[in-house]
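# Inside the fold
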Amino acid sequence: MNYEELLAKRDASGSQKTKMPFGVFYRKQVDKKYRQVVSLRPELSSNMMFSDGLRKDAELTNGIDDRHQLHFDFKADSSGDIYEIDLDQSGLQSLSLLLEHEPSLIARKHFVDNVVGGLLDLCENLHNEGVYCLCLAPQCVFLRKNSSVPQILFHGSCYLGVSNQKELYLDFTDFVAPEVLENGEVDERSDVYALGKLIQYLFADSEMGYDYKKVVEQATQEDPSARYDSIAQMRSALSKKRRQRTIVLSLIGVAVALLIGFMVLPETFSSDEMEYVKPVEEPLPDDELDDGFNAQTELGIWGTDSMVMKAADEADSAQMKADEQKMKEYDAKAEQIFRKQFTKQAERILARIYSKESMNYTEKEFRAQSSSVTQELLKWQLDLGADAGLTDARSQLIASQIVEQISNRYKKQQRPSNGVQK
């Protein structure tokens, strides 16, 4: 292999090419600097309706101030045919390529939620302006290194002038709603379908959670009228399913804490002490923040340009850290308020079941009373947690800890001779 062939092989291996509906996305070096481009399909370059749509899309895109939206410019030849798209950012890779190299990301805490949540935000904002994505294939969604913030490039509603939408999207029609391909009719439900198909792709090789499974089932219906009417409705349904799942977990957690408290009654249940295992509280993952990238090492930019980009990244990082600190302070205050209010209610509720009278309950009476207490504690947990702005999962964890503390205190106060009657 000669020197030229060696260079060609190196460039090909590092190009990170991704086939997209409109062309091929890759990185190329020009004047010792790397930039990322989309080389358009030749048949689209010569299509007048597509070119008009692309010019409209470029103008629209560059006017959108949203961190989930990429901006671009284009290059045309002497005849006016557009042959290449030039992105204004580097260090990007498609979601499909990212998962191909690192499929374990799907299991990473918050990764899928961040990707889906970001696209929900962007679609909702675009819909307010009458703009639609239409195709959210994983090859059309981009992320920067060490980030779970999704970004998109094109808007399908700008290309409805192309008569054959199936030819426009070619191998990516599975990610486009049927009504778009058949007659070019689009509304919010078209993006509901596209996002549902992307979620299906994300869980293709892993178990999809209950919340996503139920939402995706409705979002990907062939008939638009059977889907969610809007992105906002889809988001609401997803939140509702998660809340239902959290309530089930909360019931289990609070019930376990209560039963542990009643282990003071050895004659009925067990002579052994049970140890309450606290849920592990994981810190916020680093990949929730868009940490940017190192322009000098990632892009091969030399000299002053890299210093400027590095300074900009450092400024962004400092701002994000400041915002994160403010959020931590807010969360700490919210938790403090919740702990105080829930402790007061838990003391009142648990005092009933640990009274002298309850110690003489039959087992049947005891179980009925404990079930009522569990339901009441759960209601206060959800209501007070919502008032404090805590997630259901976080309020459930704190509530379980408080119930355990109060139960242990009562446990120490009980006399060994007390017991529930059979």
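What this report covers is the structure whose coordinates are included nearby. It should be emphasised that the depicted structure is a prediction, and the values quoted were computed from it without experimental measurement. (Residues numbered from 1 in each chain as written. Predicted model: local features only at pLDDT ≥ 70, side-chain atom pairs only at ≥ 80, totals over all residues. Heavy atoms only, no water.)

Attention now moves to the sheet that holds strand β1 (residues 18–19). In space, the five strands of this open sheet follow the order β1-β2-β3-β5-β4, with antiparallel pairing throughout. The open sheet has two free edges, formed respectively by β1 and β4 (72–76), since each of these has just one partner strand. Relative to strand β3 (residues 33–40), strand β2 (residues 23–30) runs antiparallel, the two being bridged by eight bridges. For Lys28, the partnering residue across the bridge sits in β3 and is Arg35. Contacting β3, β4 and β5 (82–87), helix α3 (residues 48–61) crosses the sheet at an angle of about 150° to β4. (Pairing = 2+ DSSP bridges. Helix = DSSP H or I, 4+ residues; strand = E, 2+ residues; numbered from the N terminus. Contact = heavy atoms within 4.5 Å. Axes fitted to C-alpha atoms, helices over the stretch in contact; angles between N-to-C directions.)

Along the chain, Gln36 turns up in strand β3. Within the structure, Gln36 has its side chain in polar contact with the backbone nitrogen of Gly91 (distance 3.1 Å). Beyond its immediate sequence surroundings of up to four residues, Gln36 is in contact with Phe25, Tyr26, Arg27, Ile85, Asp86, Leu87, Gln89, Ser90, Gly91 and Leu92. (Polar contact = N/O pair within 3.5 Å; in protein donor to acceptor, adjacent residues only side chain to side chain.)

A few words now on the sheet that holds strand β6 (residues 92–94). The antiparallel open sheet is built from three strands, whose spatial order is β6-β7-β8. Looking at the sheet topology across the chains shown, the edges are occupied by β6 and β8 (151–152). Strand direction decides the pairing type here: strand β7 (residues 141–144) and β8, joined by two bridges, are antiparallel. For Val141, the partnering residue across the bridge sits in β8 and is Ile152.

Looking now at empty space enclosed by the protein. Considering all chains together, one arrives at one cavity of 30 Å³ or more under this definition. The space that makes up the largest cavity amounts to roughly 110 Å³. Lining the largest cavity are 13 residues; nearest its centre among them are Phe22, Cys133, Cys135, Cys140 and Phe154. Looking at the lining of the largest cavity residue by residue, the class counts come to 11 nonpolar, two polar and no charged. (1 Å grid on protein atoms, 1.4 Å probe; cavity = no way out; pocket = protein on both sides within 12 Å on 5 of 7 lines; lining within 4 Å. Points joined across faces, edges and corners; volume = space filled by probe spheres on them. Nonpolar A, V, L, I, M, F, W, Y, C, P; charged D, E, K, R; others polar.)

Moving on, we come to the packing of helix α8 (residues 188–202) against helix α9 (residues 210–219). Packed helices, taken two at a time, are described by the angle between their axes plus the distance between the axes. Running from N to C, α8 and α9 cross one another at 135°; their axes reach a closest spacing of 8 Å. When the axis of α8 is compared with that of α9, the two are oblique. In this structure, α8 meets α9 at a crossing whose hand is left-handed. Across from Val192, Tyr193, Gly196, Ile199 and Gln200 in α8, the residues of α9 making contact are Tyr212, Val216 and Ala219. Within the contact of α8 with α9, the residues separate by chemical class into six nonpolar, two polar and no charged. (Parallel < 35°, antiparallel > 145°, perpendicular 65-115°, else oblique. Left-handed = near helix turned anticlockwise from the far one by under 90°.)

Tracing the backbone shows Lys75 in strand β4. For Lys75, a relative accessible area of 30% gives the class partly exposed. Distance from Lys75 to Asp86, taken between C-alpha atoms, is 7.6 Å for residues 11 residues apart in sequence. With sequence-adjacent residues up to four places away left out, Lys75 is seen in contact with Arg35, Asp81, Ile82, Tyr83 and Glu84. (Buried < 20%, exposed > 50% of the residue type's maximum accessible area, 1.4 Å probe, protein only.)

When we look at burial in α9, the residues that qualify are Asp211, Tyr212, Val215, Val216 and Ala219. With its buried residues spanning 110° around the axis, α9 presents them on a single face. (Arc of directions from axis to C-beta.)

Our next topic: the pairing of β2. Pairing geometry for β1 and β2, over two bridges, is antiparallel. Across the sheet, Lys19 pairs through a bridge with Val24, a residue of β2. A loop of three residues connects β1 with β2, the two strands running antiparallel in sequence. Counted along the chain from β2 to the antiparallel partner β3, the turn is two residues long, and its residue Asp31 has a positive phi close to 55°.

Turning to the side chain of Gln345, a few remarks are in order. Along the polypeptide, Gln345 turns up in helix α12 (residues 303–353). Apart from the residues lying within four places of it in its own chain, the contact partners of Gln345 are Trp380 and Leu384.

The next point concerns the packing of aromatic side chains. A full pass over the atoms with the stated rule returns 11 aromatic pairs. An angle of 65° between the planes, with centres 5.6 Å apart, marks the rings of Phe72 and Phe154 as edge-to-face. Of the two residues, Phe72 is situated in strand β4 and Phe154 in the loop between β8 and α6 (165–169); the sequence distance between them amounts to 82 residues. What makes Phe154 buried here is its relative accessible area of 11%. With centroids separated by 5.5 Å and ring planes inclined at 45°, the aromatic side chains of Phe203 and Tyr212 adopt a geometry described as tilted. Here the aromatic residues Phe22, Phe50, Phe72, Phe154, Tyr159 and Tyr169 are joined through ring pairs into a cluster of three or more. In this structure, Arg409 is placed above the aromatic ring of Tyr410, and the distance from its NZ or CZ to the ring centre is 5.4 Å. (Phe/Tyr/Trp six-rings, centres within 6.5 Å; stacked < 30°, edge-to-face > 60°. Lys NZ or Arg CZ within 6 Å of the ring centre and 35° of its normal.)

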